[in-house]
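# Remarks on the overall topology
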Amino acid sequence: MRKEENIWRYGKNNERILTGDRPTGKLHIGHYFGSLMNRVKLQNEYETYIEVADVQALTDNFNNPEKVKNNVKEIVMDQLAVGIDPNKSTIFLQSMIPEIAELTVFYSNLVTIARLQRNPTVKTEIAQKRELFGESVTYGFLGYPVSQAADITAFNATIIPVGEDQLPLIEQCREIVRKFNSIYGEILLEPQAYLGENKRIKGLDGNEKMGKSLGNAIYLSDTEETIKEKVMSAVTDPGRIKKDDPGNPDICMVAYYHNLFSKDEVKTICEECKGGKRGCVACKKQLIKNITEHLAPIREKRHYYEERPEVVKEILMEGTKKASKEAKVTMAKVKEAMKLDYFKEV
Ligand code: TRP
């Protein structure tokens, strides 16, 4: 990576972080352990940009704009509730930054259709979205990696904390950057994925992924009652029928979540389970208590913002204003490099 005095002026090592979320649903504990905790930590070390990717959300929700709109504020409240600090992190709305859309058009010349079709993330997602797309995927969805490259480069971000599923998108962005720079001059910075401690959290049903569409998630905004219902229905060792049968915590989702929420007790819990000394109901009750306690401050903070929508709006507006300024600086450089600065000296 190249250093340029006027660009490398951000946080630690002068680098800037950018992450994004599609506003298609509230955030759950999978997001919390997988990325949010990491973000809260990293915002102290780097200047952080968090994009609410509403335009990207529309690529597979174009027929449901209401859903995207409603989830914008939910996502912002979730971020604030877990400790994203608007004084350290810039939270902004993708659709309010037209430069991102402009960059997407310019970059679309630098990537082939075949390359997009080969992108493993896009490929998997298209296969999952047969119902929406039928036999032929939309131009917008196929091209969303190009738009994601614009999200990143518009802000000169070089560190992109993501889950593993996003690696092909970052790679595609890097290719676009290299191609752009080789044709138009060294303008854009090549980003790197930051996997950090990102880990994927399994669902209540034992599925490898926790997800809204899978119906196996515990949301940050869930009430105690909901948490109770969900934990009671979590998958346990199917071989354990009576309370004093020895259980196998390795195949029990309750034990799996105890590992996350009951750090001090998990060893004893698992030993008692293996010895047939602890029943599943008692075990689940304890987990309900621990999850509820862990999420209580988050829910409280979320409640604060739920009661004050004008504060949430203000944070998003301020963040968007700041992001907009940054994107304009990048745009001017890009247009100059691409000889699109027609009226500059008239
Ligand atoms: N594609 C990402 C996801 O589905 C969201 C996203 C949009 C993003 N723009 C981004 C992630 C830029 C990192 C950088 O989770």
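Predicted model, so just to flag it, every value in this text is computed and none were measured. (Residues numbered from 1 in each chain as written. Predicted model: local features only at pLDDT ≥ 70, side-chain atom pairs only at ≥ 80, totals over all residues. Heavy atoms only, no water.)

Within the protein, the secondary structure is distributed over 15 helices and five strands. In terms of overall dimensions, the protein is globule-like: its C-alpha atoms have a radius of gyration of 22 Å, near the 20 Å expected for 346 residues. Along the first, second and third principal axes, the C-alpha atoms of the protein reach 85 × 45 × 40 Å. With 346 residues in all, the protein has 51% of them scored as buried. Taking the contacts inside the protein whose residues are at least 6 apart along the sequence as the reference set, 76% of them involve residues at least 24 apart. Here the protein displays about 17,500 Å² of accessible surface, and carbon together with sulfur accounts for 53% of that area. (Helix = DSSP H or I, 4+ residues; strand = E, 2+ residues; numbered from the N terminus. Rg over C-alpha atoms; globule rule 2.2 N^0.38 Å. Buried < 20%, exposed > 50% of the residue type's maximum accessible area, 1.4 Å probe, protein only. Contact = heavy atoms within 4.5 Å. Areas by Shrake-Rupley, 256 points an atom, 1.4 Å probe, with all protein chains shown as cover.)

Residues other than glycine seldom take positive phi values, yet Asn156 does so here, at roughly 55°. Inspection of the secondary structure puts Asn156 in the loop between helix H9 (144–153) and strand E4 (159–161). Even without glycine at this site, Lys339 takes up a positive phi of about 60°. A relative accessible area of 64% means that Lys339 is categorised as exposed.

The subject of this paragraph is the side chain of Asn61. Along the chain, Asn61 turns up in the loop between helix H2 (54–59) and helix H3 (65–82). Relative accessible area serves as the criterion here: at 7%, Asn61 is assigned to the buried category. Within the structure, the side chain of Asn61 is placed 2.9 Å from the backbone oxygen of Ala57, a separation counted as a polar contact. Setting aside residues no more than four positions away along its own chain, Asn61 makes contact with Thr24, Lys67 and Val68. (Polar contact = N/O pair within 3.5 Å; in protein donor to acceptor, adjacent residues only side chain to side chain.)

A separate point is the nonpolar core. Ranked by size, the top nonpolar core spans 47 residues in total, and within it Ile29, Ile91, Leu220 and Tyr257 carry the most contacts. Each residue touching Leu220, except ones within four places of it in the same chain, is listed here: Leu27, His28, Ile29, Tyr32, Leu36, Asp78, Val82, Leu295, Ile298 and Arg299. Phe141, Ile176, Leu188 and Met331 belong to the second largest nonpolar core, which has 39 residues in total. (Core = buried A, V, L, I, M, F, W, Y, C linked by side-chain atoms within 4.5 Å.)

Right, let's get into the site of the ligand. In the region of the ligand, the neighbouring residues are Leu18, Gly20, Arg22, Glu51, Ala53, Gln56, Gln148, Asp151, Ile152, Ile160, Val162 and Gln166. Within the side chain of Gln148, an N or O atom sits 2.8 Å from a nitrogen atom of the ligand. Relative to its unbound accessible area of 370 Å², the ligand is 87% covered by the protein chains. Mapped by element, the contributors of at least two residues to the shell around the ligand are strand E1 (16–21) and H9. Considering every element that reaches the shell around the ligand, the biggest residue donor is H9, with three residues. (Near = heavy atom within 4 Å.)

This part takes up the packing of aromatic side chains. Throughout the structure, instances matching the rule amount to 11 aromatic pairs. Here Phe92 and Phe155 contribute two aromatic rings whose centre-to-centre distance is 4.7 Å and whose plane-to-plane angle is 55°, an arrangement assigned as tilted. Remark: Phe155 occurs in the loop between H9 and E4 and Phe92 occurs in strand E3 (residues 89–93); sequence separation between them is 63 residues. The two residues Phe92 and Phe155 agree in class, both being buried. (Phe/Tyr/Trp six-rings, centres within 6.5 Å; stacked < 30°, edge-to-face > 60°.)

Moving on, we get to the state of the cysteines. Scanning the entire structure with this criterion turns up zero disulfides. Here Cys252 is not cross-linked by a disulfide; its sulfur's nearest cysteine counterpart is in Cys280, at 6.0 Å. By relative accessible area, which is 11% here, Cys252 ends up buried. (Disulfide = S-S within 2.5 Å.)

All chains considered together, the criterion is met by 24 salt bridges. Between Asp60 and Arg22 there is a salt bridge, with the nearest N and O atoms lying 3.4 Å from each other. Taken as a pair, Asp60 in the loop between H2 and H3 and Arg22 in the loop between E1 and helix H1 (29–42) lie far apart in primary sequence, 38 residues in all. The class for Asp60 is buried, based on a relative accessible area of 11%. (Salt bridge = Lys/Arg side-chain N within 4 Å of Asp/Glu carboxyl O.)

Any residue range with low pLDDT should be treated as having predicted coordinates unsuitable for detailed reading. With 95% of its residues at a pLDDT of 70 or more, the protein shows a mean pLDDT of 92. Ignoring residues within four places in sequence, the model shows residues 1–9, a span with pLDDT below 50, making 26 contacts including any to other chains. (pLDDT = per-residue confidence, 0-100.)

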